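Given next are the chains, with one letter for each unit.
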Amino acid sequence: MKLKFLILAALAPVAVAAQTPNFTITGKIGNLNKPAKIYLDYTSEGNGRTDSVELVDGKFKFSGNIAGIASSRMTLSREGIRDKEIYGTKGLGDVIYVNFGKEDISITSADSLYNAKWTGSKVYDEMKAFDDRVGPTVMTVHHNANVTINRATPEQQQDTMYFKVLDKQVQAFRKSRGEKMLEFAKANPNSYFALQALSELVSGYNLESAIAMPIFNKLGEELRLSYGGQGLYKLLNAHTVTALGAVAPNFTQKDVNGKLVSLSDYKGKLVLVEFWASWCSPCRAESPNLLKQYAAFKGKGFEILGVSVDGDKVKWLDAIKKDGLTWTQVSDLKGWDNDARKVYGISGVPANFLISPEGKIIGSHLVGEALNKKLAELLN
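Conventions used here
Residues numbered from 1 in each chain as written. Predicted model: local features only at pLDDT ≥ 70, side-chain atom pairs only at ≥ 80, totals over all residues. Heavy atoms only, no water. UniProt positions renumbered as here; feature names shortened; annotations may be inferred. Helix = DSSP H or I, 4+ residues; strand = E, 2+ residues; numbered from the N terminus. Buried < 20%, exposed > 50% of the residue type's maximum accessible area, 1.4 Å probe, protein only. Contact = heavy atoms within 4.5 Å. Areas by Shrake-Rupley, 256 points an atom, 1.4 Å probe, with all protein chains shown as cover. Phe/Tyr/Trp six-rings, centres within 6.5 Å; stacked < 30°, edge-to-face > 60°. Polar contact = N/O pair within 3.5 Å; in protein donor to acceptor, adjacent residues only side chain to side chain. Pairing = 2+ DSSP bridges. Axes fitted to C-alpha atoms, helices over the stretch in contact; angles between N-to-C directions. Disulfide = S-S within 2.5 Å. Expected span 1.5 Å × (residues − 1). Lys, Arg positive; Asp, Glu negative; His and termini not counted. Salt bridge = Lys/Arg side-chain N within 4 Å of Asp/Glu carboxyl O.

As recorded in an unreviewed UniProt entry, the chain goes by the name TlpA disulfide reductase family protein, listed as coming from Pedobacter panaciterrae. The record in UniProt for the chain states the following under Subcellular location (unreviewed entry): "Cell envelope".

Now the structure itself:
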C-alpha cells in the first residue's frame, strides 16, 4: 500500500490566494441530494486546498486556480462525512485519485464517483492512457482486492490460503506496474507522467538513486525545473543520507504531551521510524499490522516511533485514538514542512526506516508482509 502515489502526501490544506478560476469540474451523480457531499482535495506546484459541495439532484460544481497539473483525491459521501468514507469503509469507499489541468471538465455517472465518466480533460485522458499502459494504480488494485474480499464466502474469509493467493495477485500487479513505469519514464522524457512514474518508483518502490538519477537527468527541462521535479531531485540526493548502512539522522520533536523526544533516545533498540498522517488512508490502513507486530516483538527490543506530518493537532490526536496506536508519537505540527520529513527526504506517506540498535538504517519502506518478514528474521 505504498503510494503516496501521485504525491498525495502534499494534500494537507494550504491557503491559496484568491484568483480568477482557471479550472471547473461540473458533475452529476445520479439524483443524490443533501446530506450527500463531494469533497475535492488537490495540490498543484506545492499549493493545496480542500473543498466540498453538497449535491442537488446529483449535481455539483468546483472551480479554482491551479499553477500547473493538479493531483487530486475526490470523495463522494452519501452521509456527508468525508473521513468516514475514506477511513471507515475498509477500502470500499467511493474515493478516486485523479490528475487534471486548467480545463473545463464534466463528470457523469448513474451511481457513483468511482464509475464516473470524465470528459473535457486532456490531462485526465493522458492519465488513463498512462494507467492503461503500465497497469492499475496501487489504490485501484487494493480497492478491487477489497471488493473481492467483501464478496467472498464466510469460509473463504476464514481461509488463510485464500488471502495468501489474493496477496500474491496484488503483489504481481504491483511488480508489473513498477517494471512498466520504469520503461515509460525512460521512453517518454517529456511526459508529465514520466516524472510521476519516476516519483512513484522512488517513493513507493524504493528505486535506487543510482538508477533513478540518470533517468531524471534526461527528462525535459520544464519537468526537471517544476515543483515536482525539484522535489524529486532533492529526494534523490537525500537518499544518499538515508541509504542502507548509513547512520540514521537524529531529530527531536514533541510528543502528544509536549515532551521532547529524540531518535537518539532509542539507541540500543530496533526502532521503526514511521512517517504518517491522519489524512493518509494508506497509512491508517497499515495501522492494524503495525499494532500486531508491535505486540509480537515489543518484548524483544522492538519499538516504533511515529512521526506525523499533520498540521492539525486535534486531527492528529483523534487519529491516534481511533486507530489505537500505543507507541510514542511525535510531530512539529508543521504539516508537510515537518523538519524530520525534510531531513529524511520523504516524498510521500506512509514511509518508514528500520534503525538498528547501533543507529544504522537497515531497512526502508517496509509495509505489510515485507515488514513482518524482516522483523521475524531479525527478532525470532
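### Regarding the overall build of the chain
A count of helices and strands for the chain gives 14 helices and 15 strands. Its C-alpha atoms put the chain at 60 × 55 × 45 Å along the principal axes. Within the chain, buried positions represent 51% of all 380 residues. Contacts in the chain between residues at least 24 apart in sequence constitute 69% of all its contacts with a sequence separation of at least 6. With an accessible surface of roughly 17900 Å², the chain has 53% of that area assigned to carbon and sulfur atoms.

### Considerations on the packing of aromatic side chains
Applying the stated rule across the entire model yields 15 aromatic pairs. Ring geometry for Phe130 and Phe193: centres 5.5 Å apart, planes at 25°, overall stacked. Here Phe130 is found in helix 2 (residues 122-134), whereas its partner Phe193 is found in helix 6 (residues 192-204), with 63 residues between them in sequence. Here the two residues Phe130 and Phe193 agree in accessibility, since each one is buried. An aromatic cluster of three or more residues is present, and its members are Phe130, Phe184, Tyr192 and Phe193.

### A look at the environment of Thr328
Secondary-structure assignment places Thr328 in strand 13 (residues 328-331). The exposure class of Thr328 is partly exposed, given its relative accessible area of 29%. Here the alpha-carbon distance between Thr328 and Thr242, two residues 86 residues apart in the chain, equals 22 Å. In this view, Thr328 contacts Asp255, Val261, Tyr266, Ile304, Leu305 and Gly306; residues no more than four positions away in its chain are not counted. Polar side-chain contacts of Thr328 include one of 3.5 Å to the side chain of Tyr266.

### Remarks on the sheet that holds strand 15 (residues 361-364)
Read from one edge to the other, the open sheet built from seven strands follows the order 10-9-13-12-11-14-15, with strand pairing classed as mixed. Sheet topology places strand 10 (260-262) and strand 15 at the edges, where each strand pairs with a single neighbour. Within the sheet, the average angular offset between the axes of one strand and its neighbour, ignoring direction, is 35°. Helix-sheet contacts for helix 11 (residues 287-297) involve strand 11 (270-276) and strand 12 (302-308), and the interaxial angle to strand 12 is about 150°. Strands in contact with helix 12 (residues 313-323) are strand 9 (252-255), strand 11, strand 12 and strand 13; relative to strand 13, the strand with the most contacts, it is inclined by about 165°.

### Looking at the state of the cysteines
A covalent bond between the sulfur atoms of two cysteines is what we call a disulfide. Per the counting criterion, the structure on display carries one disulfide. The disulfide partner of Cys280 is Cys283, and the S-S distance across this bridge is 2.2 Å. Across the disulfide from Cys280 to Cys283, rotation about the S-S bond amounts to roughly 85°, and the bridge is consequently right-handed. Classification of Cys280 by relative accessible area gives buried; the value is 4%.

### Some points on helix 6
If you check helix 6, its first and last C-alpha atoms are 18 Å apart, about what 13 residues at 1.5 Å a residue would give, namely 18 Å. For helix 6, a buried count of 13 out of 13 residues is recorded, marking the element as mostly surrounded by other parts of the structure. Once helix 6 ends, the next one or two residues include Asn206, with phi positive near 60°.

### As for the sheet that holds strand 7 (residues 104-109)
Read across the open sheet, the four strands follow the order 4-1-7-8; overall the sheet is mixed. The open sheet is flanked by strand 4 (59-64) and strand 8 (117-119), the only strands paired with a single partner. Pairwise comparison of adjacent strand axes, ignoring direction, gives a mean angle of 15° for this sheet.

### Re the pairing of strand 2 (residues 37-44)
For strand 2, a buried count of seven out of eight residues is recorded, marking the element as mostly surrounded by other parts of the structure. Between strand 2 and strand 3 (residues 47-54), which pair antiparallel one after the other, the connecting turn spans two residues, and Glu45 there sits at a positive phi close to 50°.

### Regarding helix 9 (residues 227-238)
Counted at 1.5 Å a residue, the expected span for helix 9 with its twelve residues is 16 Å, and the 16 Å between its end C-alpha atoms agrees. Within helix 9, burial applies to Gly228, Gly229, Leu232, Leu235, Leu236 and Ala238. Where the residues of helix 9 are buried, they touch helix 6, helix 7 (209-217) and helix 8 (221-225).

### Focus on the side chain of Asp310
Relative to the helices and strands, Asp310 resides in the loop between strand 12 and helix 12. Salt bridges are absent for the buried Asp310, whose nearest opposite-charge side chain, Lys315, sits at 7.6 Å. Within the local environment of Asp310, its side chain forms a polar contact with the side chain of Ser278, the two groups lying 2.6 Å apart. Engagement of the side chain of Asp310 in a polar contact is seen with the side chain of Ser308, the distance being 2.6 Å.

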